[in-house]
Amino acid sequence: MSNWEYAPAPESRDIANLKPAYRMFVDGKFVEGSGEPLKTVNPATEEVLAEVSTASKADVDTAVKAARRAYDRVWGRMPGAERAKYIFRIARLVQERSRELAVLESLDNGKPIKESRDVDVPTAAAHFFYHAGWADKLGYAGFGPDPRPLGVAGQVIPWNFPLLMASWKIAPALACGNTVVLKPAETTPLTALVLAEICQQAELPPGVVNILPGAGDVGSELVNHAGVDKVAFTGSTEVGKLIQRSLAGSGKKMTMELGGKAANIVFDDAPLDQAVEGIVNGIFFNQGHVCCAGSRLLVQESIADELLAKLRTRVATLRVGDSLDKNTDVGAINSRAQLEKIQELAAAGEAEGAQRWTSPVPVPDKGFFFPPTVFSDVQQSMRIAREEIFGPVLSVLTFRTPDEAVAKANNTPYGLSAGIWTEKGSRILWAAQRMRAGVVWANTFNRFDPTAPFGGYQESGFGREGGRAGLEAYLDV
Ligand code: NDP
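Below is a summary of the structure that appears in this document. Since the structure is predicted, the reported quantities are computational estimates derived from the model, not experimental observations. (Residues numbered from 1 in each chain as written. Predicted model: local features only at pLDDT ≥ 70, side-chain atom pairs only at ≥ 80, totals over all residues. Heavy atoms only, no water.)

Turning our eyes to something else, we now look at the state of the cysteines. With the rule as written, the count across this model stands at 0 disulfides. Here Cys-291 stays unpaired: no disulfide links it, and the sulfur of Cys-292, its closest cysteine neighbor, is 4.7 Å away. Given the relative accessible area of 1%, Cys-292 is considered buried. (Disulfide = S-S within 2.5 Å. Buried < 20%, exposed > 50% of the residue type's maximum accessible area, 1.4 Å probe, protein only.)

Written as structure tokens, this is what we have:
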């Protein structure tokens, strides 16, 4: 261990162009919503960043009607090659304004600037670039010679990847010829509203994209609105089930990307140092606020002690703190409510008899922070092995045989992702075939690419986003 200190390396927040007030975006214009305004907070400092107007029921109706008009008159009938030009323009503008977006995202969400800068914003741009490329080639996607769009998409997204989730939802919808009304999460509305500015800058026709900040009630109004043809939701399994219940029989096409409790399996022949990096990335990236986080580590018993020792040494080096510092590895927990949920589940882990190890790293006094935590001696029945913690908390279980590893990995109501660490290609294929998870990473973790379909099994949801498969969700096929 070294005893030298890192000098502070803060990214300047000026480039975020933070404004005291933000308004919703409807029919190509920023307008005052008639809902109760909300205050969005920097979770790393608890300071209020801005006041944001929110939508009322009437505003949801206005936005859906604007989206319908734009669909009927302009976007739904526009040739794909023309639509592509706008989407390419949005992609380029996201790149041009990438530093502004990254800093704003870190301020509003609490995630480290190195992640918003190197992952969220470039991947958001990549989603627009990729889908722009599809807009004039839908006839070759395998859904017939001229697949038609669905109409108006109502999209509701969570707070863990605010800009990336907005792009992930808007890009395929637009490429396929749909118009959009999107509700960002209550705690992270800002980058979606800058994306709205980018749509204006790209001269996207009014009404093609509408952004309505607000709380869950706005989301509920939106998905239940009779003028919405397609619902795309990312968030908790609980709310996903609620939406499915209320939309049953409505004929609306749905995609649900919900929770997860992914197994990251390390076999005894795995390259251990590489696996440690993958485990760290799997659970501490984005403070563990990742639906596909590798939150259950399954390690072969014969190497468990060695791996855990290496893991603790590595985790102890992760720096927790200021999200705008370029050397920060783990930023702030997005909200007080989420911090309390993590604290409650960690306490339950201890009460149920798991061994708790907390990184000795210093944690700021102000703001919402939780130090990286590893639980060993975890049993499958414990809450920390079953429930989505959505925080920087890893639960470690052991196994003896490959069959046991797969059985334990699949012993979950979820099924979004999984990881396998081994030097044998045959073992990767063997395990991947048996794993009931939408994405299986081999000797890596948390790799995202717009060309790769992403989605879940069981309570992790249904439908795929990304790749050719993701287009289907936005086409009438
Ligand atoms: P939610 O599922 O409540 O939020 C996701 C989005 O849905 C938000 O925009 C939310 O609005 C909105 N929403 C809430 N209620 C409704 C409704 N009835 N109809 C339509 N939209 C609605 O997740 P939370 O933010 O409350 O997080 C709770 C837990 O969910 C986390 O601790 C985590 O375990 C899990 N989660 C999982 C995610 C994943 O990707 N797997 C993402 C986010 C959370 P609002 O912001 O106002 O709540």
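Our focus in this paragraph is the site of the ligand. Around the ligand sit 28 residues in total, of which Trp-159, Glu-186, Ser-236, Gln-338 and Lys-341 are the nearest. Note that an oxygen atom of the ligand is positioned 3.0 Å from one of the side-chain N or O atoms of Lys-183. Taking Glu-186, its main chain carries an N or O atom lying 2.8 Å from an oxygen atom of the ligand. Within the complex, 85% of the 850 Å² of free accessible area of the ligand lies under protein. (Near = heavy atom within 4 Å. Polar contact = N/O pair within 3.5 Å; in protein donor to acceptor, adjacent residues only side chain to side chain. Areas by Shrake-Rupley, 256 points an atom, 1.4 Å probe, with all protein chains shown as cover.)

Here we come to the sheet that holds strand E5 (residues 48-52). Judged by pairing direction, the sheet is mixed, and its 3 strands sit side by side in the order E1-E5-E4 without closing on themselves. Each end of this open sheet is capped by a strand with a single partner; those strands are strand E1 (21-22) and strand E4 (38-41). As defined by bridge partners, E1 adjoins E5 across 2 bridges and the pair is classed as parallel. Bridge pairing links Ala-21 to Glu-51 in E5. Sitting on the sheet, helix H3 (residues 98-109) is in contact with E1, E4 and E5, with an inclination near 105 degrees to E4. Those strands touched by helix H6 (residues 190-201) are E1, E4 and E5, and its axis lies near 55 degrees from that of E5. (Pairing = 2+ DSSP bridges. Helix = DSSP H or I, 4+ residues; strand = E, 2+ residues; numbered from the N terminus. Contact = heavy atoms within 4.5 Å. Axes fitted to C-alpha atoms, helices over the stretch in contact; angles between N-to-C directions.)

Right, let's get into unusual backbone geometry. Positive phi, normally seen in glycine, also occurs at Asn-17, with a value near 50 degrees. Here Asn-17 is to be found in the segment before E1. Although it is not a glycine, Glu-203 sits at a positive phi angle of roughly 60 degrees. Considering the arrangement of structural elements, one finds Glu-203 in the loop between H6 and strand E8 (209-211). Exposure remark for Glu-203: the relative accessible area of 58% places this residue in the exposed category.

Attention now moves to the pairing of strand E12 (residues 296-300). Counting buried residues along E12, 5 of its 5 residues qualify, which places the element largely inside the surrounding structure. Direction of pairing for strand E11 (residues 263-266) relative to E12: parallel, over a ladder of 4 bridges. Across the sheet, Ile-265 pairs through a bridge with Leu-298, a residue of E12. In the classification by handedness, the crossover that spans E11, the intervening helix H9 (residues 272-284) and the parallel E12 is right-handed. Sheet topology note: the E12/strand E15 (residues 393-399) ladder contains 5 bridges and is parallel. Across the sheet, the residue bridging to Gln-300 is Phe-399, located in E15. (Right-handed = clockwise from strand over helix to strand, strands pointing away.)

Looking now at the side chain of Asp-120. Here Asp-120 is to be found in helix H4 (residues 113-134). At a separation of 2.5 Å, a polar atom in the side chain of Asp-120 contacts the side chain of Lys-111. Beyond its immediate sequence surroundings of up to four residues, Asp-120 is in contact with Glu-105, Lys-111, Glu-115, Phe-161 and Leu-164.

Here we come to the packing of aromatic side chains. Under the counting rule described, the total for this entry stands at 11 aromatic pairs. Each ring, one from Phe-88 and one from Phe-129, has its centre 6.3 Å from the other, and the planes form 50 degrees; the classification is tilted. Of this pair, Phe-88 sits in helix H2 (residues 80-96) while Phe-129 sits in helix H4, and the two are 41 residues apart along the sequence. A relative accessible area of 30% means that Phe-88 is categorised as partly exposed. By relative accessible area, which is 27% here, Phe-129 ends up partly exposed. Through a chain of ring-to-ring contacts, three or more aromatic side chains come together here, namely Trp-168, Trp-441, Phe-445, Phe-448 and Phe-454. (Phe/Tyr/Trp six-rings, centres within 6.5 Å; stacked < 30°, edge-to-face > 60°.)

To continue, consider the environment of Ala-248. Within the element layout of this structure, Ala-248 appears in the loop between helix H8 (237-247) and strand E10 (253-257). In this structure Ala-248 comes out as exposed when scored by relative accessible area, which is 59%.

So, about the packing of H3 against H4. At a minimum axis separation of 8 Å, H3 and H4 run at an interaxial angle of 125 degrees. Here H3 lies oblique to H4, going by the angle between them. The handedness of the crossing between H3 and H4 comes out as right-handed. Across from Ser-98, Leu-101, Ala-102, Val-103, Glu-105 and Ser-106 in H3, the residues of H4 making contact are Ile-113, Ser-116, Arg-117, Asp-120 and Val-121. Along the lines of polarity and charge, the residues of the contact of H3 with H4 split into 5 nonpolar, 3 polar and 3 charged. (Parallel < 35°, antiparallel > 145°, perpendicular 65-115°, else oblique. Left-handed = near helix turned anticlockwise from the far one by under 90°. Nonpolar A, V, L, I, M, F, W, Y, C, P; charged D, E, K, R; others polar.)

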